[in-house]
Every structure is written in structure tokens, then in C-alpha cells.
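# Residue-level structural notes
Next come the chains, spelled out residue by residue.
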Amino acid sequence: MRLWTWIGGLFARLWTWLWRLFARREPAGADPNVRFLSEDQQHALDQILQDNWDTDCILLYGAAGTGKSTIVREISQALPGKVIVVAPTGLAAANVDGTTIHRLLGFGPYPISYRHPRQIRLLKPDRRRVLRRAEIIIVDEASMLRADLMDALDWGLRKNLGKETKPFGGKKVLLVGDLLQLDPVVGDDEKSVLSEWDGHMFFDGKVWQEARLRAIRLETVHRQADDLEFAAALADSRRPERLPFAVDWLDDHLGISGESGEKVVIATTNAIADEINAAHLKELMGRYPPYEGIVPEGQKFAESEMRAPKRLYLKPGARVLIVANDRNEPRRYVNGTLAKVTRLFKSRVEVLTDEGRTIILDPYTWDRYEPQVSEQTGLLEQCPVASYTQIPLRLAWAFTVHKSQGLSFSEVHLIPGQRFFASGHAYVGLSRCRTIAGQTCQRRITEADFYWNPRLRAFLEKIEANPIWP
């Protein structure tokens, strides 16, 4: 077995060397003006893949659509079997085929007191072996990472790797996210525990009294690549000194309308989005039984992690979003494809996509993964530990700002209500659309709509002045 482990490790090192040497080169005959990665993406990747870091942690951040997820995929390809991807929430973890920090380190989904011995325990030997095998631990959606979870990740790694004096137990940790998107959600039952910290965001963690962080920013926007003026206005909205210019530009270019038409509605609250979806569905003719999602007996799959509802109500004519990637080649749809239901069957649904393609959708199975060490190679592999099966659809007349995060649309109608009320709300809502021409709003956007947590602003000013922090 030791021989197999040694051979597996040798193969992995050889693969990593060959990837770094060849994988990012342009193929023969390629257009020399076309790059696979933008310059800032390439720089970030090179920094992350360095053998020796000058800090304990790297923060990869940037605006919506700058290609952060692309970097995560490139790292996983460059270091096969040596990367663990986690996220603060179950749905965020499912979106990257990863696991949650809670599951990785064996504590429940509740607020965690600082270095609490009964909450952060020593894992079983096989789980500690998983942590030892990882070269990099990637934390996606860092903007949603609370201070208590940041410190729980640090102390859980120290304890389980037997290196309690080293930040993160000596492991490289990569935080990935757009800090100017949505803040972590803090419920009333969590506030008492979080009072142990000066604030609730990841940079409020006590680990930073010992650990150092290097910040790398991505600046090239890909989502709005076909509307550079819109991209520039969104970038201006993120900076207080440029915000008046962004609002003036939006005032000149953003259409104002009381009706959404065929556009996807993005609203600030669940109540508004749910009401719109329910009202549109009720207007359609007929009564049809719901499609019931299935979790195999004995398995656990939280509803918060389900991309399609446990009980899915549909009718012919319903506006829907496909919430999975086609596993066939060539792909007929991807996660985020908009469509309209045309026919319902007992266990299948026919839809017409906005691109004019008719597709029959069968029940789709999503797996929940956990990293495990392969007995054959000694490397990490993602193993399914639970599954959920459902028609991969959800109603798509309306979304909340929170549920639209990570999605891109060609046409959007915003319903901000009296104001966007959460940190990053207005920016996330506006940046879901690829062009300003495809977007309308219920009312004019004002400077008062743009709000960000002042402590977050102060942190960003520090790391932009000096990328090594603190």
C-alpha cells in the first residue's frame, strides 16, 4: 500500500510539473491576440501556485464577473488530488462541488465560540488524513464567511494537524470572493456568540492577530465584456469618490418602467419574489400535481442545499430557470439557462429555451461530496455521500437579490422597493445583467441605494494600500 501511495504521489508531482510547463500555452495555430486567461488572472494563478508563500493566506477578490471561479478550476487542474474546496453555506458549496467548512471539520451549522473545545474536536484518523493530504484549502464566497467560522477553520486545522502554534495548521488557505457583494447573514440567535468579536466579517477573526494575508485583486470584467460603459459604471459604483458619476450614468441609461414584461425580476425581499412567482403561476390554466424531490432513505440533504425545490409546482407556460449543467455532449443547456415549460409528463418536463431549443428534462441527481483519500493513489478525491433527485427547474419570473448572486441574465427588471437595504444589495442586483440595454428598473437609482458596511470599506482601503495585511 505504501508503494502505491508513493507511486501516486510521484505521478501527482509529475502531472503538476507538466501542467505548469504546458497547460497554459496557446495551441498551435491559435490567434495570438486571444488569451485563455486575462493578464490579471494569469498573474493571480502564478502567485497562488508558487511553492512558497510569503503569507499564511491569500485573498483573491474582485468584482462580479472577473473570473474568480475560473482561477479555482485552474488550481484544481494544476494540483489534482491536492485541493479541498469549501464554502460557508451548503448551497455555495454545492455550486462548486465542494463541502462546507462545518462538514470538513466536524462541527454543526451553528455559531462557534472562540476555540471552544467541545465544539471543535479532534476528528477521526481518516478525516485527519484528508486534511494532511491537502496542499491548498480554497474557501469560496469569502464575503459570506463570518468571523466565528474564520476562526473555527483556523483552530480546527491547527488541532487536527497537530500544529497548534501555526496559523491554519501550516496549510495554505485561499479565500475567494467579491467582498463588495452580500455580507454574511447573522440571525438573532447568533448575535450573542458573535459579540465575542469586534465585527462579524472574516477579517474580524482573531486568527489575524497571528496570521498574515496577501490580497490579489482581479480587475478585468468578463460578464459585461459586450458593454464596457456599463462595466465601467458598475466599477465606479464600488468607489465612494466615483459613485456620483456612476449614478449619473445609470440615470441616463437605465430604463424606468413599472412593468417587467418578459424580463427576469430581481427584488429585494423573498415576499416580493415569491408573490410574483405565485401570481404568474396562478394565471396559467390547469391544475397539476407537484414533482417531488427524492433523497434516498438514510441520507441527509438539507433543503437549503437543494437547487430545485423539494416540491416543484409547474404548469405549461411557466417561466423557469434550468439549475443544472447538461451532462450530455454537446451541451443543450447550462446552469442558468432560461426557458418556458411547454409540456408536462409524469416524470419529465419539456421546455423551450430562450435560444429556441426544445428540450426534454428528466429527473437530475445532484451529489453532495466530501473529500476522501484514495487507497489506490493516496490523493484526495471527491466522493458522493448523499444525493438529491428532482426535475432541474425552478420558477424564474422573479428572484431575490441573494438568490440571484452568481447568476447572469440577458434581461433584468429591478424592483428595489423604497431602497436597497443591505450591504452590496444594489451592486449585486445591477450587475446580474450583461448589458444596460437589457435592464430596466421600477424607479430611478440614487446614491442612497448604494450602501456598504463601513468596516468593510475600511478593510478594503487597507489592503488596496498594502496588499500584505495586517
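As the structure is a prediction and not an experimental result, all values here were calculated from the model.

### Considering empty space enclosed by the protein
Scanning the entire structure with this criterion turns up two cavities of 30 Å³ or more. Looking at the largest cavity, the residues that line it are Gly90, Ala93, Ala94, Gly98, Thr99, Arg103, Phe301, Glu305, Asp367, Arg368 and Tyr369. Of the residues assigned to the lining of the largest cavity, the class counts are four nonpolar, three polar and four charged. Forming the boundary of the second largest cavity are Val247, Leu250, Asp251, Leu254, Ile256, Arg444 and Ile445. Considering each element in turn, the lining of the second largest cavity owes the most residues, three residues, to helix H10 (residues 243-253). The residue inventory of the lining of the second largest cavity, partitioned by class, reads five nonpolar, no polar and two charged.

### A look at the pairing of strand S12 (residues 338-344)
Bridge count between strand S11 (residues 319-322) and S12: three bridges; the pairing is antiparallel. Among the inter-strand pairings, Arg319 is bridged to a residue of S12, identified as Lys340.

### Structural notes on the sheet that holds strand S21 (residues 468-469)
If you walk across this open sheet you meet the seven strands as S3-S2-S4-S5-S1-S6-S21, and the pairing is mixed. The open sheet is flanked by strand S3 (99-100) and S21, the only strands paired with a single partner. Two elements, strand S1 (residues 57-62) and strand S5 (residues 172-177), share five bridges in a ladder whose sense is parallel. Its bridge partner being in S5, Tyr61 is matched across the sheet by Gly177.

### Focus on the environment of Gln47
Relative to the helices and strands, Gln47 resides in helix H2 (residues 39-48). A residue is classified by how much of its surface remains accessible, and Gln47, at 21% relative accessible area, is partly exposed. Each C-alpha atom of the pair Gln47 and Ile112 lies 32 Å from the other, and the pair is 65 residues apart in sequence. Excluding its chain neighbours within four sequence positions, the residues that come into contact with Gln47 are Trp53, Ile58, Arg214 and Ile216.

Each value, and the rule that gives it
Residues numbered from 1 in each chain as written. Predicted model: local features only at pLDDT ≥ 70, side-chain atom pairs only at ≥ 80, totals over all residues. Heavy atoms only, no water. 1 Å grid on protein atoms, 1.4 Å probe; cavity = no way out; pocket = protein on both sides within 12 Å on 5 of 7 lines; lining within 4 Å. Points joined across faces, edges and corners; volume = space filled by probe spheres on them. Nonpolar A, V, L, I, M, F, W, Y, C, P; charged D, E, K, R; others polar. Helix = DSSP H or I, 4+ residues; strand = E, 2+ residues; numbered from the N terminus. Pairing = 2+ DSSP bridges. Buried < 20%, exposed > 50% of the residue type's maximum accessible area, 1.4 Å probe, protein only. Contact = heavy atoms within 4.5 Å.

This is a description of form; function is not addressed.
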